[in-house]
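Observations on the three-dimensional arrangement
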Amino acid sequence: MTDEKSITRRTYIEGSGAALLAGALAGCSEDTTSAGRANESGPAIESETVESSGTVTGDSYNVSMEPMGEVQFDGPPETWVALLGSYADMGFALGAGQTIGTQLPYRYATHFYEELPDVTYDPDSVTTLYQSGSVDKERFYEMDADLHFMEPNQLIYWYDWDEADVEEIAENVAPFFGNFIRRRSDDWHQNYRYYTLYEAFEKVAQVFRRTDRFAAFDSLYEGLIGDITGRLPPESNRPRSLLVYPADESATAFYPYRLYEGGVSKKQFRDLGLRDAFAGSDIANYSGDGSTMDLETLLEIDPDALIVRGQEQKTDEEFRESVVEKLQADSVASEITAVQENAIHRGGYLDQGPIINLFQTELAAQRIYPDVFTEDELFDRQRVADIITGDI
């Protein structure tokens with residue numbers, strides 16, 4: 001590629017650079033709207049209302065997303081980096097190629113792509129951004145991408161970057177575009193808008209100018225959720241479910257996740273209408289502060305189903321040995337209803353875009369309601385592949 005990249009090096013339009021580096025990193029206070037905060041509480045099936053905000057002027061166009069503000073593009077990015085699997089999956093879903101780098105490849109559920117006919121993904125061409133305990137600026141220079149799908153605040157609060165580092169990479173390599181949508185419990189993200197999965201996905205589609213494929217995915221998703229919703233048991237018959245992440249290998253301490261406090265990582269469980277066993281308790285959603293809950297607290301809550309995250313890399317037997325059997329053998333944990341009823345399920349990957357979400361919703365439905373969703377497949381793999389390749 002020549003120096004005239006498909007996206008300009010200094011691509012923040014007038015006012016947006018200042019918003020990013022002087023205001024947005026600390027929080028944009030004016031767009032914490034009902035759309036951005038939709039469906040954070042209550043057992044209703046999650047709505048994925050989308051909006052359109054891209055504008056076109058001549059050959060260039062602008063797309064707006066908090067906390068960056070408006071970003072100007074000369075054309076769709078040819079090479080791009082996604083820190084997390086959610087945005088990597090969005091770009092891949094749009095048929096815009098694959099990310100050239102990601103935080104930790106094992107946290108990006110690309111094995112689902114193997115089920116899609118005539119769709120290929122090359123893991124060997126992806127740079128691991130998180131190495132030796134940090135995400136180094138030099139890797140951004142080495143990758144020389146056209147766009148960075150990640151929120152700058154993640155780099156600042158997770159990896160000790162400062163605003164000068166963000167500005168340097170935005171000016172010398174390429175701009176940032178993204179919003180941390182995994183969870184909604186981080187203090188640094190409370191003053192500006194969150195996005196649902198499909199709201200963020202539409203923004204990415206506007207960047208790549210592939211809103212037709214976005215619309216096709218949105219339709220496919222709505223069809224799947226409509227089918228699932230119509231087959232769910234009455235709310236009173238759905239399990240009181242507890243979503244946790246083991247703090248270590250002992251299976252005696254866990255990080256708690258509240259289902260209805262928003263965030264892409266828990267979307268499939270909200271769509272399945274699970275009752276949150278944390279409801280009515282004073283236990284806060286995990287926010288990276290290290291707070292855990294012990295087995296005595298789990299017994300006090302006594303869920304009907306226990307959903308355990310961080311287990312997807314394990315085989316069924318490994319999961320049973322490392323989690324299920326340990327809980328069954330513990331004098332306290334063995335009294336929990338979910339343990340006695342053998343209703344302990346794997347909880348899926350934390351970061352998910354539209355493709356991964358389809359697979360994880362299917363898996364969650366089959367695991368939690370095995371007597372209802374008995375089919376091998378709940379959605380059409382060929383249709384997903386067709387959308388990716390542009391046959392829409």
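The paragraphs below set out a description of the structure included in this document. (Residues numbered from 1 in each chain as written. Predicted model: local features only at pLDDT ≥ 70, side-chain atom pairs only at ≥ 80, totals over all residues. Heavy atoms only, no water.)

**Concerning the packing of aromatic side chains**
This model, assessed by the stated rule, comprises 29 aromatic pairs. Each ring, one from Y130 and one from Y159, has its centre 5.7 Å from the other, and the planes form 45°; the classification is tilted. Pair noted here: Y130 is in strand 7 (residues 130-131) and Y159 is in helix 4 (residues 152-159), with a separation of 29 residues, a long-range link. Under the relative-accessibility criterion, Y159 is labelled buried at 11%. (Phe/Tyr/Trp six-rings, centres within 6.5 Å; stacked < 30°, edge-to-face > 60°. Helix = DSSP H or I, 4+ residues; strand = E, 2+ residues; numbered from the N terminus. Buried < 20%, exposed > 50% of the residue type's maximum accessible area, 1.4 Å probe, protein only.)

**Describing the packing of helix 7 (residues 211-231) against helix 13 (residues 381-389)**
When two helices pack together, their arrangement is given by the angle between the helix axes and by the axis-to-axis distance. Packing of helix 7 against helix 13 brings their axes to within 9 Å, and their N-to-C directions diverge by 165°. Taken as axis vectors, helix 7 and helix 13 run roughly antiparallel relative to one another. For helix 7 against helix 13, the interelement crossing comes out left-handed. The segment helix 7 lies against helix 13, with R213, A216, F217 and L220 engaging R383, V384, I387, I388 and T389. Here the residues of the contact of helix 7 with helix 13 are counted per class, giving 6 nonpolar, 1 polar and 2 charged. (Axes fitted to C-alpha atoms, helices over the stretch in contact; angles between N-to-C directions. Parallel < 35°, antiparallel > 145°, perpendicular 65-115°, else oblique. Left-handed = near helix turned anticlockwise from the far one by under 90°. Contact = heavy atoms within 4.5 Å. Nonpolar A, V, L, I, M, F, W, Y, C, P; charged D, E, K, R; others polar.)

**Observations regarding unusual backbone geometry**
In the segment running from E66 into P67, the intervening peptide bond is cis, with an omega of 5°. Following the sequence through the fold, P67 ends up in the loop between strand 2 (60-65) and strand 3 (69-73). In this structure, D160 takes a positive phi of about 60° despite not being glycine. As for its position among the elements, D160 is in the loop between helix 4 and helix 5 (163-172). The exposure class of D160 is exposed, given its relative accessible area of 70%. In the Ramachandran plot, R209 falls in the positive-phi region, its phi being about 60° despite a non-glycine side chain.

**Comments concerning the nonpolar core**
If you look at the biggest cluster of nonpolar residues, it comprises 73 residues, and the most contacted ones within it are F149, F177, F217 and I355. Not counting residues within four places of it along the chain, the set of residues in contact with F177 comprises V63, M65, M68, V71, F73, L147, H148, F149, M150, K203 and V207. Counting residues in hydrophobic clusters, the runner-up holds 23 residues, among them F254, A277, I283 and M293. (Core = buried A, V, L, I, M, F, W, Y, C linked by side-chain atoms within 4.5 Å.)

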